[in-house]
Amino acid sequence: MATVQPLIYLTIAWILAYVISVMPSIKKRLKDKGITVYPFVFIWRLSKGEKLVRMGAKRKLAWSTFGYLAFFYSIGLALFGFYFLIQNLIRFIYPQTGPSSPVVPIVPGVTINFTLDEFIIFFLIVGIILATHEMAHAIVASTRGIKVKWVGFALFAFFPAGFVEIDEESANKAKKTDRLLTFSAGTFINFLTWIIFFILLLNAPLLWSWGYSAQPNGIYISDVLPNTPASHVNIQPGDVIIALNGTLIKNIQEFVAYLANAAPGQTLTITLEHDSIIRNVTVKLIPHPDNASHGIIGISAHNYYKPKFGLDPMIPYWITLFLTWGNAIALSVAIFNSLPIPGLDGDKIFYEILSYKKGLLSSTAITLLRTIAIILLISNMAFSIRVI
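Keep in mind it's a predicted model, so treat the numbers as computed, not measured. (Residues numbered from 1 in each chain as written. Predicted model: local features only at pLDDT ≥ 70, side-chain atom pairs only at ≥ 80, totals over all residues. Heavy atoms only, no water.)

## Quick look at the overall build of the protein chain
Right, so step 1: Tallying secondary structure elements over the protein chain gives 13 helices and twelve strands in all.
Right, so step 2: C-alpha atoms of the protein chain, sized along the principal axes, occupy 75 × 60 × 40 Å.
Right, so step 3: For the protein chain, the share of sequence-separated contacts (at least 6 apart) that also reach a separation of at least 24 residues comes to 69%.
Right, so step 4: Of the roughly 21,700 Å² of accessible surface on the protein chain, a fraction of 66% belongs to carbon and sulfur atoms.
Right, so step 5: The average position of the 30 basic charges and that of the 20 acidic charges among the side chains of the protein chain differ by 11 Å. (Helix = DSSP H or I, 4+ residues; strand = E, 2+ residues; numbered from the N terminus. Contact = heavy atoms within 4.5 Å. Areas by Shrake-Rupley, 256 points an atom, 1.4 Å probe, with all protein chains shown as cover. Lys, Arg positive; Asp, Glu negative; His and termini not counted. Charge placed at Lys NZ, Arg CZ, Asp CG, Glu CD.)

## A look at the packing of helix H7 (residues 176–202) against helix H12 (residues 345–354)
Right, so step 1: Their axes nearest at 9 Å, the elements H7 and H12 cross at an angle of 155 degrees. The pairing of H7 with H12 is recorded here as roughly antiparallel in orientation. Every pair of crossing elements has a handedness; the one defined by H7 and H12 is left-handed. For the pair H7 and H12, the contacting residues are Lys-176, Arg-179, Leu-180, Phe-183, Ser-184 and Thr-187 in the first and Asp-345, Lys-348, Ile-349, Glu-352 and Ile-353 in the second.
Right, so step 2: Each residue belonging to the contact of H7 with H12 can be placed in one class, and the counts come to four nonpolar, two polar and five charged. (Axes fitted to C-alpha atoms, helices over the stretch in contact; angles between N-to-C directions. Parallel < 35°, antiparallel > 145°, perpendicular 65-115°, else oblique. Left-handed = near helix turned anticlockwise from the far one by under 90°. Nonpolar A, V, L, I, M, F, W, Y, C, P; charged D, E, K, R; others polar.)

## What to know about the packing of aromatic side chains
Right, so step 1: Scanning all chains against the criterion turns up twelve aromatic pairs.
Right, so step 2: Seen in terms of ring centroids, Tyr-73 and Phe-191 are 5.3 Å apart; in terms of plane orientation they differ by 35 degrees. Their pairing is tilted. With a gap of 118 residues between them, Tyr-73 in helix H4 (residues 60–93) and Phe-191 in helix H7 connect regions that are remote in the sequence.
Right, so step 3: Judged by relative accessible area, which is 14%, Phe-191 ranks as buried.
Right, so step 4: Connected via pairs of aromatic rings, a cluster forms that spans Trp-63, Phe-66, Tyr-73, Phe-188, Phe-191, Trp-194 and Phe-198. (Phe/Tyr/Trp six-rings, centres within 6.5 Å; stacked < 30°, edge-to-face > 60°. Buried < 20%, exposed > 50% of the residue type's maximum accessible area, 1.4 Å probe, protein only.)

## Concerning the pairing of strand E6 (residues 240–244)
Right, so step 1: Buried residues dominate E6, accounting for five of its five residues.
Right, so step 2: Both strand E5 (residues 219–224) and E6 contribute to a ladder of two bridges, which runs antiparallel. Counterpart to Tyr-220 in the pairing with E6 is Val-240.
Right, so step 3: The pairing of E6 with strand E8 (residues 267–274) spans four bridges and is antiparallel. When the bridges of E8 are listed, Ala-243 appears paired with Thr-271. (Pairing = 2+ DSSP bridges.)

## So, a nonpolar patch on the surface
Right, so step 1: Where nonpolar side chains cluster on the molecular surface, the patch consists of Ile-8, Tyr-9, Ile-12, Ile-15, Leu-16, Val-19, Ile-20, Met-23, Phe-40, Leu-116 and Ile-120 and spans about 1,000 Å² of accessible area.
Right, so step 2: Elements represented by at least two residues in the nonpolar patch include exactly helix H1 (4–21) and helix H5 (116–143).
Right, so step 3: For the nonpolar patch, the leading source of residues is H1, giving seven residues.
Right, so step 4: Within the element layout of this structure, Leu-16 appears in helix H1. (Patch = residues over 30% accessible without salt bridge, like charges linked within 9 Å, V, L, I, M, F, W, Y side chains within 5 Å. Salt bridge = Lys/Arg side-chain N within 4 Å of Asp/Glu carboxyl O.)

## Remarks on the pattern of salt bridges
Right, so step 1: Throughout the structure, instances matching the rule amount to seven salt bridges.
Right, so step 2: Lys-176 is paired through a salt bridge with Glu-352; the nearest N and O atoms lie 3.1 Å apart. Placement of the pair is Lys-176 in helix H7 and Glu-352 in helix H12, with a sequence separation of 176 residues.
Right, so step 3: By relative accessible area, which is 22% here, Lys-176 ends up partly exposed.
Right, so step 4: The salt bridge partner of Asp-347 is Arg-370, with a shortest N-O separation of 2.6 Å. Separated by 23 residues along the polypeptide, Asp-347 in helix H12 and Arg-370 in helix H13 (residues 360–387) bring together distant segments of the chain.
Right, so step 5: Note on Arg-370: relative accessible area 24%, which makes it partly exposed.
Right, so step 6: Salt bridges here are not isolated pairs; linked through shared partners, they connect Lys-176, Arg-179 and Glu-352.

This is the structure:
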């Protein structure tokens with residue numbers, strides 16, 4: 001339900017944007033700027049993006065080297081993708097072989113729920129990943145002599161997208177190597193983006209240490225669920241949990257570990273701090289909706305880093321969430337986009353490799369590889385939905 005309200009706001013924004021965009025005077029101005037608006041579709045042709053492509057193309061040696069690295073890494077990521085899907089499928093079928101990982105698309109309101117701030121963070125991450133992905137394609141294409149007609153940004157309903165229109169005739173006349181390097185660039189830049197997210201995530205506390213305590217000082221309550229023990233004793237967002245039954249709680253790990261053995265019906269004394277005022281409340285735990293043997297308080301919470309200058313206590317959480325999701329999404333996109341599935345970069349790469357000599361054997365190999373990849377992906381998704 002948390003995602004419903006943001007989606008309603010965005011739907012209203014879409015309707016207003018479209019109504020305004022069809023006004024004659026506004027429509028002409030938007031057209032001059034390269035902007036086109038349809039119902040739930042926004043397309044913006046970026047002239048600055050084209051300039052960036054030309055600037056990058058001036059460093060041909062660096063970007064050609066990037067292209068070759070991208071090709072080899074894309075093949076490696078595809079092999080890892082096959083390995084992961086096969087191993088994960090085996091673990092779904094035979095749970096005793098190890099834990100499996102869910103493989104599901106991220107669809108707001110369907111496969112995952114967001115609050116408004118989480119939706120904005122997700123939107124920003126996807127925008128960064130798609131923009132760098134498409135720009136890498138465009139720059140490498142330019143360095144390899146393939147004409148780029150234009151660079152653009154789009155928004156389809158609630159999903160951002162970046163795209164590059166490459167001159168088809170120019171691409172067909174280009175060498176196979178040039179096309180391979182161009183197709184590989186997007187996946188590789190996603191992989192490099194993942195590395196950046198990963199390094200920043202490992203050093204996340206350094207990013208906010210200037211304005212917050214170096215170590216967490218409790219559990220910050222960001223939301224209280226209705227009709228839960230927390231709501232019945234007037235626990236409020238902004239309260240900080242510093243102890244449970246007299247046991248000091250410094251971070252989310254200690255909080256989760258303490259509640260791991262808490263059963264429904266158990267009474268819990270919670271020590272709270274808010275604006276330097278400390279108070280105790282007593283709650284009776286209720287069953288978790290997904291696990292009746294586990295007791296819950298009814299809050300959303302995260303580590304509390306004490307602000308030094310009256311800053312918002314949510315900022316460290318937002319940074320951590322941005323880096324955590326960015327880390328997961330960038331790596332997932334890099335791996336799955338490298339697979340030989342129609343519509344993905346990996347399919348274009350393997351098509352170019354396997355169609356080196358045209359013939360029945362080449363065509364059969366391409367079809368077989370695509371079929372295996374699609375079956376593995378669909379099977380993993382089917383088992384994931386069943387488990388979830």
